[in-house]
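This is what each chain is made of:
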Amino acid sequence: MNSAVMLAVLRIVSGLLFFEHGLQKLAGFPVAVDPSRVPPLNSLPGYAGYVELVCGLLITIGLFTRPAAFLASGTMAVAYWYAHAPQDLFPVNNMGDAAILYCFVFLYIAAAGPGPWSLDALLRRRRR
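Residues numbered from 1 in each chain as written. Predicted model: local features only at pLDDT ≥ 70, side-chain atom pairs only at ≥ 80, totals over all residues. Heavy atoms only, no water.

**Considerations on the overall build of the protein chain**
Note the cut-off: Put simply, DSSP marks the helices as runs of H or I at least four residues long and the strands as runs of E at least two long, and each gets a number from the N terminus on. Restricting the calculation to C-alpha atoms gives the radius of gyration, and the globule rule supplies 2.2 Å times the number of residues raised to the power 0.38. For every residue, the accessible area obtained with a 1.4 Å probe (protein chains only) is divided by the maximum for its type, and the residue is called buried under 20%, exposed over 50%, and partly exposed between those limits. For this analysis, residues touch if any pair of their heavy atoms sits within 4.5 Å. Note on areas: these come from Shrake-Rupley sampling with a 1.4 Å probe, and a residue is covered only by the protein chains present in the view.
When its secondary structure is counted, the protein chain shows 6 helices and 0 strands. Starting at the N terminus, the α and β elements of the protein chain follow one another as α-α-α-α-α-α. At 15 Å, the protein chain has a C-alpha radius of gyration in line with the 14 Å of a compact globule built from 128 residues. For the C-alpha atoms alone, the extent of the protein chain along its principal axes is close to 50 × 30 × 25 Å. Counting every position in the protein chain, which comprises 128 residues, the buried fraction comes to 35%. The contacts in the protein chain between residues at least 6 apart in sequence include a share of 65% that link residues at least 24 apart. Summed over its atoms, the accessible surface of the protein chain is roughly 7,900 Å², and 71% of this surface lies on carbon and sulfur atoms.

Here it is, written out as structure tokens:
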């Protein structure tokens, strides 16, 4: 496999995982291990759930990929600095390692683009 295909695979998998985070926050599906951790929808974590759901779906299908990934990256940076970093200096202790990984994976996707398996690529080919 070439690097463009692997970029598309990275985009699809990370987008699906991000989408699942939003789905759990907004719809309670799949049921949270600790239901008390489901945030109110009218809160910063609740707003992050909307971003995770919408951007996760857009990133997965590869539509408006660059802006969706950029917004998702920024949301994860904010999540890390507001929710995780104040708890402890080390990401492994403050449970912020996933937020950091999402932030940089989505920043990479925003810079590199969606790869060949995306609606963005399909629309670009049709315009030519």
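**Quick notes on the nonpolar core**
Which entries qualify depends on this criterion: Residues enter a nonpolar core if they are buried and are Ala, Val, Leu, Ile, Met, Phe, Trp, Tyr or Cys, with the set joined through side-chain atoms within 4.5 Å.
Formed by 17 residues in total, the largest nonpolar core has its most connected members in Phe-18, Cys-55, Ile-59, Ala-69, Ala-72, Met-76 and Phe-106. Of all the elements in the fold, those that place two or more residues in this core are α1 (3-27), α2 (44-61), α3 (65-84) and α5 (97-112).

**Examining the packing of α1 against α5**
This is how the line gets drawn: Axis lines are fitted to C-alpha atoms, over the contacting stretch for helices. Their N-to-C directions set the angle, which ranges from 0 to 180 degrees. Convention used here: angles under 35 degrees read as roughly parallel, angles over 145 as roughly antiparallel, angles from 65 to 115 as roughly perpendicular, and any remaining angle as oblique. Here a crossing is called left-handed whenever its near helix is offset anticlockwise from the far helix by less than a right angle, and right-handed whenever the offset is clockwise. Nonpolar residues are Ala, Val, Leu, Ile, Met, Phe, Trp, Tyr, Cys and Pro. Charged residues are Asp, Glu, Lys and Arg, and all others, Gly as well, are polar.
Look at α1 against α5: their axes get within 11 Å of each other, and the N-to-C directions meet at 135°. Classed by the angle they form, the pair α1 and α5 counts as oblique. Crossing of α1 over α5 shows left-handed handedness. Note on element contacts: α5 touches α1 through Tyr-102, Val-105, Phe-106, Tyr-108, Ile-109 and Ala-112, opposite Leu-7, Leu-10, Arg-11, Ser-14, Gly-15, Leu-17, Phe-18 and His-21. Here the contact of α1 with α5 is built from residues that sort into 10 nonpolar, 3 polar and 1 charged.

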